[in-house]
Amino acid sequence: CHTLAGHSGGVWTLAVAPNGTWLASAGEDGAIRIWDPVSGSACHTLAGHSGGVWTLAVAPDGTWLASAGEDGAVQVWDPTTTTARHTLIGHIRAVTALLAAPNESWLASAGYGGEIRVWDPTTGTARHNYIGHIGAVTALAVAPEGLASADTRGEIRVWDPITGATRHTLTGHTRAVTALAVTPD
């Protein structure tokens, strides 16, 4: 058991490499720290955000790490170095959720502006912009039919990944939905 100390403020998010060789932490201080989970030692620090980092996502093969938060920018990093591969600009407000596609072909980001943006994590180019939420988007999940999202008004949407159209709108929650889990069936 290790205590990983190094952030100057609260830690708000964690991500673990699929093979377990590294873990990332981020939070209030805006830094992303990469750790060796076996030894508990810090490997390096990724710096590039101008505010706190609220969310992280890891590629299923572990080759890239995405970060986002208060500054509205999404950074795609090489987790083995301190190099930012891409800075993805498009959100006008804070980004609260990131999601890596299971096949590594896209990265989704969402936030206070209510929009969901889908990016190519390899090239850094924007692919889609899904608009339909009135509240801030708080959670993303891969759904069998596409991408699922939830917001602060209690609404869940399932989006067509090709057209960006809403396939389903699920209502019934009276408060914010802050987490999503989708079964394959």
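Figured I'd write up the structure that's included with this text.

Criteria and thresholds
Residues numbered from 1 in each chain as written. Predicted model: local features only at pLDDT ≥ 70, side-chain atom pairs only at ≥ 80, totals over all residues. Heavy atoms only, no water. Helix = DSSP H or I, 4+ residues; strand = E, 2+ residues; numbered from the N terminus. Rg over C-alpha atoms; globule rule 2.2 N^0.38 Å. Buried < 20%, exposed > 50% of the residue type's maximum accessible area, 1.4 Å probe, protein only. Contact = heavy atoms within 4.5 Å. Areas by Shrake-Rupley, 256 points an atom, 1.4 Å probe, with all protein chains shown as cover. Lys, Arg positive; Asp, Glu negative; His and termini not counted. Charge placed at Lys NZ, Arg CZ, Asp CG, Glu CD. Pairing = 2+ DSSP bridges. Salt bridge = Lys/Arg side-chain N within 4 Å of Asp/Glu carboxyl O. Phe/Tyr/Trp six-rings, centres within 6.5 Å; stacked < 30°, edge-to-face > 60°. Axes fitted to C-alpha atoms, helices over the stretch in contact; angles between N-to-C directions.

Here we take up the overall build of the protein chain. What the protein chain contains, in helices and strands, is zero helices and 16 strands. At 16 Å, the protein chain has a C-alpha radius of gyration in line with the 16 Å of a compact globule built from 185 residues. Taking the principal axes of the C-alpha coordinates as reference, the protein chain spans close to 45 × 30 × 30 Å. With 185 residues in all, the protein chain has 50% of them scored as buried. Considering only residue pairs separated by 6 or more positions, the protein chain has 38% of its internal contacts joining residues 24 or more positions apart. Of the roughly 8700 Å² of accessible surface on the protein chain, 52% is carried by carbon and sulfur atoms. Within the protein chain, one finds 9 positive and 15 negative side-chain charges whose respective centroids are separated by 7 Å.

Turning our attention to unusual backbone geometry. Phi is positive for Glu 104, which is not a glycine, with a value near 70°. For Glu 104, the position within the fold is in the loop between β9 (95–100) and β10 (107–111). A residue is classified by how much of its surface remains accessible, and Glu 104, at 25% relative accessible area, is partly exposed.

Moving on to the pairing of strand β16 (residues 166–170). Here strand β15 (residues 156–159) pairs with β16 via four bridges, running antiparallel. By the bridge assignment, Ile 156 is partnered in β16 with Leu 170. Counting the residues between successive antiparallel strands, the hairpin from β15 to β16 contains six residues, one of them, Gly 164, with a positive phi of roughly 80°.

The next subject is the pattern of salt bridges. By the definition in use, this model includes five salt bridges. The salt bridge involving Arg 85 is made with Asp 78; its shortest N-O contact spans 4.0 Å. When the shortest N-O distance is used, the salt bridge between Glu 115 and Arg 117 registers 4.0 Å. The exposure class assigned to Glu 115 is buried, which follows from its relative accessible area of 10%. By relative accessible area, Arg 117 is classed as buried at 18%.

The next subject is the packing of aromatic side chains. All chains considered together, the criterion is met by three aromatic pairs. Between Tyr 130 and Trp 159, the ring centres sit 5.2 Å apart and the planes meet at 20°, which makes this aromatic pair stacked. With a gap of 29 residues between them, Tyr 130 in strand β12 (residues 126–130) and Trp 159 in strand β15 connect regions that are remote in the sequence. Judged by relative accessible area, which is 1%, Trp 159 ranks as buried. An aromatic cluster of at least three residues, connected via ring pairs, comprises Trp 12, Trp 54 and Tyr 112.

Across the sheet, which stays open at both edges, the four strands sit in the order β5-β6-β7-β8 with antiparallel pairing between neighbours. The open sheet is flanked by β5 (53–58) and β8 (84–88), the only strands paired with a single partner. On average, adjacent strands in this sheet sit at an angle of 20° to one another, irrespective of strand direction. Judged from the five bridges that link them, β5 and strand β6 (residues 65–69) form a sheet pairing that is antiparallel. Across the sheet, Val 58 pairs through a bridge with Leu 65, a residue of β6.

Attention now goes to the pairing of β15. Working note: regular strand, side chains alternate between the two faces of the sheet. What you see with β15 is no split at all: Ile 156 and Val 158 on one side and Arg 157 and Trp 159 on the other are buried throughout. Two elements, strand β14 (residues 146–151) and β15, share four bridges in a ladder whose sense is antiparallel. Across the sheet, the residue bridging to Ala 150 is Ile 156, located in β15. Between the end of β14 and the start of β15, which pair antiparallel, lie four residues, with Gly 154 showing a positive phi angle near 90°.

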